[in-house]
Amino acid sequence: QVQLVQSGAEVKKPGASVKVSCKVSGYTLTELSMHWVRQAPGKGLEWMGGFDPEDGETIYAQKFQGRVTMTEDTSTDTAYMELSSLRSEDTAVYYCATTTVISTSPRSGFDIWGQGTMVTVSS
Amino acid sequence: QSALTQPASVSGSPGQSITISCTGTSSDVGGYNYVSWYQQHPGKAPKLMIYEVSNRPSGVSNRFSGSKSGNTASLTISGLQAEDEADYYCSSYTSSSHVVFGGGTKLTVL
């Protein structure tokens, strides 16, 4: 049974960067295509980007291009999402999510989610 | 990429059926059979309820069903139960290899 365990809550000042981790257990990270989704307080889900195995590359949502970097450490089965130049509008819960049992492609949907990491941006 | 369009809220009484619509374009919902639906209770992570338009993951009640016609996908919940009260989000793969979510629908069980 795959599990995604994310790092703890963060408080950052505007202009800073934040790096959220997502540790995989039950699978190896190389078997998965990790994606990141965020949710501002009281708002809906927003896809940030992720690895598309059929394209063979990490795709970022246009809104975050130039500010987000998604990386992986396969030696520890941990995925990372770093967001820079933080502003108050980036205050949100950040989720890692992936596809396991239902399909080999994340295009099908995300059947496994991390517990979420609250990032607060405030001066 | 604009968000998919969902009604802000729907409601129904226990035992009834409700349907939530999700409207996109030919570049997302209408162009691929990669529509998924998620249920989210307050303070919890989303849970996948339907994938690839109409497939249910193991463990999801058969009271949940999905369909698609043209650029609009739908989630139907039959035999409404109190525990179905939650927010529901649709999602689709897009022609630019992105993923787009709907704005979310709050389901109230009366």
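Structure shown above.
On a predicted model such as this, the values are computed, not experimentally measured, just so you know. (Residues numbered from 1 in each chain as written. Chains lettered and ligands numbered in written order. Predicted model: local features only at pLDDT ≥ 70, side-chain atom pairs only at ≥ 80, totals over all residues. Heavy atoms only, no water.)

1. Regarding the overall build of chain A
- Regarding its fold elements, chain A presents zero helices and eleven strands.
- Its helices and strands taken in sequence order, chain A reads β-β-β-β-β-β-β-β-β-β-β from the N to the C terminus.
- Whereas a compact globule of 123 residues would reach a radius of gyration of roughly 14 Å, chain A reaches 14 Å, a difference of no more than 12%.
- Projected onto its principal axes, the C-alpha coordinates of chain A cover approximately 40 × 30 × 25 Å.
- Counting contacts in chain A only where the partners sit at least 6 residues apart, residues at least 24 apart contribute 56% of the total.
- Carbon and sulfur atoms make up 47% of the accessible area of chain A, which totals about 5500 Å².
- The centroid of the 10 positive side-chain charges in chain A is displaced by 11 Å from the centroid of its 14 negative side-chain charges. (Helix = DSSP H or I, 4+ residues; strand = E, 2+ residues; numbered from the N terminus. Rg over C-alpha atoms; globule rule 2.2 N^0.38 Å. Contact = heavy atoms within 4.5 Å. Areas by Shrake-Rupley, 256 points an atom, 1.4 Å probe, with all protein chains shown as cover. Lys, Arg positive; Asp, Glu negative; His and termini not counted. Charge placed at Lys NZ, Arg CZ, Asp CG, Glu CD.)

2. Some thoughts on the sheet that holds strand S2 (residues 18-23) of chain B
Residues and elements named next belong to chain B.
- The strand order across the open sheet built from three strands is S2-S6-S5, with neighbouring strands paired in antiparallel fashion. Edge positions in the sheet fall to S2 and strand S5 (64-69), since each has one partner strand and no second. Each strand axis lies, on average, 20° off the axis of its neighbour in the sheet, ignoring direction.
- Examined bridge by bridge, S2 and strand S6 (residues 72-77) share six bridges and lie antiparallel to one another. When the sheet's bridge partners are listed, threonine 23 is paired in S6 with threonine 72. (Pairing = 2+ DSSP bridges. Axes fitted to C-alpha atoms, helices over the stretch in contact; angles between N-to-C directions.)

3. A look at the sheet that holds strand S1 (residues 3-6) of chain A
Residue and element names in this part refer to chain A.
- Taking strand neighbours across the sheet as the criterion, the four strands line up as S1-S3-S8-S7 in an open arrangement whose pairing is antiparallel. For this open sheet the edge positions go to S1 and strand S7 (68-73), each flanked by a neighbour on one side alone. Ignoring which end each strand starts from, the neighbouring axes of this sheet average 20° apart.
- Both S1 and strand S3 (residues 18-25) contribute to a ladder of four bridges, which runs antiparallel.

4. Here's the deal with the interface of chain A and chain B
- Counting residues at the interface gives 24 residues for chain A and 19 residues for chain B.
- Of the roughly 1700 Å² buried between chain A and chain B, counting both surfaces, carbon and sulfur atoms make up 62%.
- Three residues, A:Leu45, A:Trp47 and A:Arg107, lead the burial of chain A against chain B; their summed loss comes to 35% of the area buried on that side.
- Remark: the boundary between chain A and chain B carries zero salt bridges. (Buried area = accessible area lost by both parts, 1.4 Å probe. Salt bridge = Lys/Arg side-chain N within 4 Å of Asp/Glu carboxyl O.)

5. Some details on the pairing of strand S5 (residues 45-52) of chain A
Residues and elements named next belong to chain A.
- The element S5 is extensively covered by neighbouring structure, given that six of its eight residues are classed as buried.
- In this structure, strand S4 (residues 35-39) lies alongside S5, joined through five bridges in antiparallel fashion. Paired with glutamine 39 across the two strands is leucine 45, which belongs to S5.
- Here S4 folds back onto S5 in antiparallel fashion, the turn holding five residues, of which glycine 42 has a positive phi close to 75°.
- Relative to strand S6 (residues 57-60), S5 is paired through four bridges, and the arrangement is antiparallel. Looking across to S6, one finds that glycine 50 is bridged to isoleucine 59.
- Two successive antiparallel strands, S5 and S6, enclose a turn made up of four residues, where glycine 56 displays a positive phi of approximately 75°. (Buried < 20%, exposed > 50% of the residue type's maximum accessible area, 1.4 Å probe, protein only.)

6. Here's the deal with the state of the cysteines
- Under the criterion given, the structure shown has two disulfides over all chains.
- In this model A:Cys22 forms its disulfide with A:Cys96; the gap between the sulfur atoms is 2.1 Å. Disulfide A:Cys22-A:Cys96: the torsion about the S-S bond is 75°, which places it as right-handed. Placement of the pair is A:Cys22 in strand S3 and A:Cys96 in strand S9 (residues 92-98), with a sequence separation of 74 residues. Of the two residues examined, A:Cys22 and A:Cys96, each falls in the buried class.
- Disulfide pairing places B:Cys22 opposite B:Cys90 at an S-S distance of 2.1 Å. (Disulfide = S-S within 2.5 Å.)

7. Quick word on the pattern of salt bridges
Residue and element names in this part refer to chain A.
- Taken as a whole and assessed by the stated rule, the structure comprises ten salt bridges over all chains.
- In this structure, the salt-bridge partner of arginine 107 is aspartate 55, at a minimum N-O distance of 3.5 Å. Taken together, the positions of arginine 107 in the loop between S9 and strand S10 (112-113) and aspartate 55 in the loop between S5 and S6 put the pair 52 residues apart, joining distant regions of the chain.
- By relative accessible area, aspartate 55 is classed as partly exposed at 34%.
- Beyond isolated ion pairs, a larger network of salt bridges with shared partners links Arg38, Glu46, Lys63, Arg67 and Asp90.

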